Amino acid sequence: MANKVKYTTQEAKEKYNQLVTKGKYKEGLNILYALYKKDQSDIQVLSSLGLINETINNIDEAIAFYKEAISKGNDLNSYINLISLLLNSSHFDEAYNYLVKGLKNHPNNYELNYNMAKYFYEKDDMESALDFFQITQTIKPNDKRAIINIANINQRQKKYLEGLSLCDTYLKKTNDDDYEILNLLGTFHFHLKNHKEADKIFNKCIKKEPNNYRAYLNLGISLYDNNEHHKGLKFLDKANKIEQTAEANYCIGNLLMQIGSLKEASIYFQKAIDIDNYKTSASSEAFRSLVNYCERKDYQKYVSKYKELYQTISNTEIKSAIAFALSKIHHIDKDYPNSALYLKEGNLIENKYHNYSSKENTEITESIINTYKKPHRYTLKDKIKYVPIFIVGMPRSGSSLIEQMLSATDNCYNCGELSLLPDLSKRIKREDLSPEFKSNTIFNFIRSEYIKEVDKLIGKNKSFFTDKLPQNFLNIGAIINAFPEAKIINMTRNRNDNLLSIYQQKFTHGISYAFDEENIVDYYDNYLKTMKTWHKLYPK
């Protein structure tokens with residue numbers, strides 16, 4: 001197995017280090033095997049044999065030597081390296097057993113606590129993962145790896161304000177414009193619909209690392225979400241040219257689908273699946289989109305693999321997307337019991353990460369309506385070039401269809417679902433506005449800021465534009481007062497059909513009530529009550 005040792009043990013170890021430093025791993029391995037043959041209890045040799053075998057990708061050998069080093073001396077480095085290998089090869093139960101033993105002997109070791117957090121993350125136990133990541137922060141304050149992982153958990157749990165605060169605090173404390181943390185900060189601003197701030201941060205990241213695809217991807221997604229489709233596609237395409245990823249291909253496919261290019265979208269969805277071989281949430285979302293919007297021939301070849309994956313995957317993001325896709329497939333095949341089973345499981349997963357409060361929803365609605373119960377005296381200053389058409393109601397009520405019908409005319413521009421009115425409402429609450437401003441010019445503020453943003457989207461020779469954000473039914477008071485020339489279309493659908501259609505849809509953000517039957521009914525009833533109140537306040 002090895003040549004006879006020509007040096008003392010210490011000299012041989014020094015020679016080994018010199019060889020490895022020069023990348024001469026085989027020669028170094030020969031020296032280690034000779035030392036191992038001489039003394040099989042030398043922990044340093046056992047640990048080094050594990051490390052060098054791992055380096056040259058002899059994984060089984062590496063694992064065996066790490067285990068031997070642990071059994072003969074509880075070697076810390078061997079614990080750390082073995083556990084990382086086991087986690088990376090998805091041997092989670094065995095990794096957990098060694099983590100428990102390792103932490104018993106080395107409770108304050110950063111790497112062991114970090115790997116225990118990673119174990120719980122992979123097992124989708126986010127609360128336990130957070131506990132251990134927070135321990136690593138006490139061991140190494142302001143450690144970037146822990147911050148990034150905690151922020152990713154905040155994102156998974158849709159705790160966007162917490163994630164934003166975490167990243168912002170880190171950047172201010174360290175005075176370090178770290179690329180990854182900045183990207184996460186921008187992502188949290190994006191989720192909170194602070195598009196301007198998000199885009200500013202993503203552009204900063206692009207200047208910082210122009211050859212890194214991530215910021216291009218995030219900026220493209222943000223622009224697309226803000227209805228700047230062509231700009232968004234440009235940045236998504238740039239991200240894909242830098243590095244082909246499932247996420248970029250899925251996002252390009254999604255954008256192409258929104259603008260009606262379904263055949264081209266299908267090609268990108270299939271690329272997303274093929275690139276990462278079913279491993280990420282982006283590829284599973286691509287599969288769901290193929291099922292929902294494309295032809296059977298486009299997705300049929302993936303069905304058996306995703307059914308198999310569904311039984312073994314622990315990642316809830318991936319599992320949820322697969323569940324909704326398989327529910328749709330069984331529904332198409334008229335296998336309604338299995339369709340309902342997958343639908344129930346998908347919604348149960350999603351509902352864990354959405355905190356809908358009936359009480360809070362009612363309080364918000366009543367607070368908004370109370371603002372408009374007193375008459376307002378004001379004079380609108382700005383004239384507008386186009387008449388807004390606000391399409392409101394519940395999701396899945398037919399708003400997209402009526403929008404398409406209106407935008408089919410040459411005189412009307414489709415602006416999609418604009419978050420402008422909710423964003424302006426947040427600004428009014430957030431900013432320290434004087435009482436005089438609030439009573440006299442609030443509607444001029446809404447009118448001028450809203451139109452300023454819409455002007456960036458609308459082409460020439462249009463007299464009308466549509467804004468079909470369904471939850472703008474909450475903002476009808478603001479619409480009537482700020483845009484007296486506006487048209488408002490309240491879309492309604494058969495109650496039960498509407499409720500079921502919402503439950504069958506996996507909304508990606510912004511709709512926290514959609515994954516539980518009782519919550520959907522509660523929100524729907526509140527919507528009806530709100531519309532009745534608006535009709536009483538503004539009968540004409």
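The model shown is predicted, which means the values in this text are computed figures rather than measured ones. (Residues numbered from 1 in each chain as written. Predicted model: local features only at pLDDT ≥ 70, side-chain atom pairs only at ≥ 80, totals over all residues. Heavy atoms only, no water.)

Caption draft 1: Looking closely at the overall build of the chain. Across its full length, the chain holds 28 helices and four strands. Dimensions of the chain along its principal axes, counting C-alpha atoms only, are 100 × 55 × 45 Å. Taking all 540 residues of the chain together, the buried fraction comes to 49%. Taking as baseline every contact in the chain between residues at least 6 positions apart, the subset at least 24 positions apart corresponds to 65%. With an accessible surface of roughly 27600 Å², the chain has 49% of that area assigned to carbon and sulfur atoms. Here the chain holds 75 positive side-chain charges and 67 negative ones, and the gap between their average locations is 3 Å. (Helix = DSSP H or I, 4+ residues; strand = E, 2+ residues; numbered from the N terminus. Buried < 20%, exposed > 50% of the residue type's maximum accessible area, 1.4 Å probe, protein only. Contact = heavy atoms within 4.5 Å. Areas by Shrake-Rupley, 256 points an atom, 1.4 Å probe, with all protein chains shown as cover. Lys, Arg positive; Asp, Glu negative; His and termini not counted. Charge placed at Lys NZ, Arg CZ, Asp CG, Glu CD.)

Caption draft 2: Representation of the packing of aromatic side chains within the structure. Using the criterion set out here, one finds 25 aromatic pairs in the structure. Judged by centre distance (6.0 Å) and plane angle (40°), the rings of Tyr250 and Phe269 are tilted. Of the two residues, Tyr250 is situated in helix H15 (residues 246-258) and Phe269 in helix H16 (residues 262-276); the sequence distance between them amounts to 19 residues. Here the aromatic residues Tyr356, Phe473, Tyr513, Tyr523, Tyr524 and Tyr527 are joined through ring pairs into a cluster of three or more. Here the basic side chain of Lys118 rests over the ring of Tyr121, its NZ or CZ set 5.5 Å away from the ring centre. (Phe/Tyr/Trp six-rings, centres within 6.5 Å; stacked < 30°, edge-to-face > 60°. Lys NZ or Arg CZ within 6 Å of the ring centre and 35° of its normal.)

Caption draft 3: The sheet that holds strand E4 (residues 487-491), seen in detail. If you walk across this open sheet you meet the four strands as E2-E3-E1-E4, and the pairing is parallel. Looking at which strands have only one partner, the edges of the open sheet turn out to be strand E2 (412-414) and E4. Ignoring which end each strand starts from, the neighbouring axes of this sheet average 25° apart. Here E2 runs beside strand E3 (residues 464-467); their pairing, made up of three bridges, is parallel. Opposite Cys412, over in E3, you have Phe464 as the bridge partner. (Pairing = 2+ DSSP bridges. Axes fitted to C-alpha atoms, helices over the stretch in contact; angles between N-to-C directions.)

Caption draft 4: Main features of the nonpolar core. Ranked by internal contacts, the top residues of the largest apolar core, which has 97 residues, are Leu217, Phe269, Ile273, Phe287, Tyr306 and Leu326. Grouped together as the second largest cluster of nonpolar side chains are 48 residues, Leu424, Phe443, Phe445 and Ile476 included. (Core = buried A, V, L, I, M, F, W, Y, C linked by side-chain atoms within 4.5 Å.)

Caption draft 5: Local environment of the environment of Leu469. Note that Leu469 resides in the loop between E3 and helix H26 (476-482). By relative accessible area, Leu469 is classed as buried at 7%. Separated by 239 residues in sequence, Leu469 and His230 have C-alpha atoms that sit 20 Å apart. Residues within four places of Leu469 in sequence aside, it is in contact with Ile391, Val392, Gly416, Glu417, Leu418, Ser419 and Pro422.

Caption draft 6: Representation of helix H20 (residues 336-351) in the model. With 16 residues, H20 should cover 22 Å at 1.5 Å per step; its first-to-last C-alpha distance of 22 Å lies within 8% of that length. Against helix H18 (296-312), helix H19 (316-332) and helix H27 (495-503) lie the buried residues of H20. (Expected span 1.5 Å × (residues − 1).)

Caption draft 7: How the structure looks around the pattern of salt bridges. Using the criterion set out here, one finds 27 salt bridges in the structure. Glu94 serves as the salt-bridge partner of Lys67, at 2.5 Å between the closest nitrogen and oxygen. Separated by 27 residues along the polypeptide, Lys67 in helix H4 (residues 59-73) and Glu94 in helix H6 (residues 92-105) bring together distant segments of the chain. In this structure, the salt-bridge partner of Asp178 is Lys144, at a minimum N-O distance of 3.0 Å. In this pair, Asp178 sits in the loop between helix H10 (160-174) and helix H11 (179-191) while Lys144 sits in helix H9 (residues 144-156), placing the two residues 34 residues apart along the sequence. Classification of Lys144 as partly exposed rests on a relative accessible area of 27%. Each of Glu285, Arg288, Glu350 and Lys506 takes part in salt bridges that share partners, so that together they form one network. (Salt bridge = Lys/Arg side-chain N within 4 Å of Asp/Glu carboxyl O.)

Caption draft 8: Representation of the confidence of the model for the chain within the structure. When the pLDDT values of the chain are averaged, the result is 89; 95% of them are 70 or greater. The low-confidence segment residues 430-437 (pLDDT under 50) makes five contacts with residues lying over four places distant or belonging to another chain. (pLDDT = per-residue confidence, 0-100.)

Caption draft 9: Spatial organisation of helix H8 (residues 126-139). Over its 14 residues, H8 runs 20 Å from end to end, which matches the ideal 20 Å to within 8%, given 1.5 Å per residue. At its buried positions, H8 is contacted by H6, helix H7 (110-122) and H9.

Caption draft 10: Region of interest: unusual backbone geometry. Even without glycine at this site, Lys193 takes up a positive phi of about 65°. Relative to the assigned elements, Lys193 resides in the loop between H11 and helix H12 (195-208). Phi at Arg396 takes a positive value of approximately 65°, unusual for a residue other than glycine. Summarising the element assignment, Arg396 is placed in the loop between strand E1 (387-393) and helix H22 (399-407).

Caption draft 11: Up close: the environment of Ser284. Relative to the helices and strands, Ser284 is located in helix H17 (residues 281-293). Classification of Ser284 by relative accessible area gives buried; the value is 0%. Sequence separation between Ser284 and Ser399 is 115 residues; the distance between their C-alpha atoms is 27 Å. Setting aside chain neighbours within four positions, we find Ser284 in contact with Tyr306, Glu317, Ile318, Ala321 and Ile322.

Caption draft 12: Region of the structure containing the state of the cysteines. Across all of its chains, the model carries zero disulfides by this definition. Cysteine Cys294 is unpaired, with the sulfur of Cys251 as its nearest cysteine sulfur at 15 Å. (Disulfide = S-S within 2.5 Å.)

Caption draft 13: Representation of the side chain of Ser419 within the structure. Within the secondary structure, Ser419 is located in the loop between E2 and helix H23 (420-430). Excluding residues within four positions of it along the chain, Ser419 makes contact with Lys193, His195 and Leu469.

Caption draft 14: Summary view of the packing of helix H1 (residues 9-21) against helix H3 (residues 43-55). Closest axis-to-axis distance for the H1/H3 pair is 13 Å, and the angle between their directions is 15°. Taken together, the axis directions place H1 and H3 in an arrangement best described as roughly parallel. Relative to H3, H1 is oriented so that their crossing is left-handed. Seen from H1, the contacting residues are Lys13, Tyr16 and Val20; seen from H3, they are Gln44, Val45, Ser48 and Ile52. Its residues assigned to classes, the contact of H1 with H3 comprises four nonpolar, two polar and one charged. (Parallel < 35°, antiparallel > 145°, perpendicular 65-115°, else oblique. Left-handed = near helix turned anticlockwise from the far one by under 90°. Nonpolar A, V, L, I, M, F, W, Y, C, P; charged D, E, K, R; others polar.)

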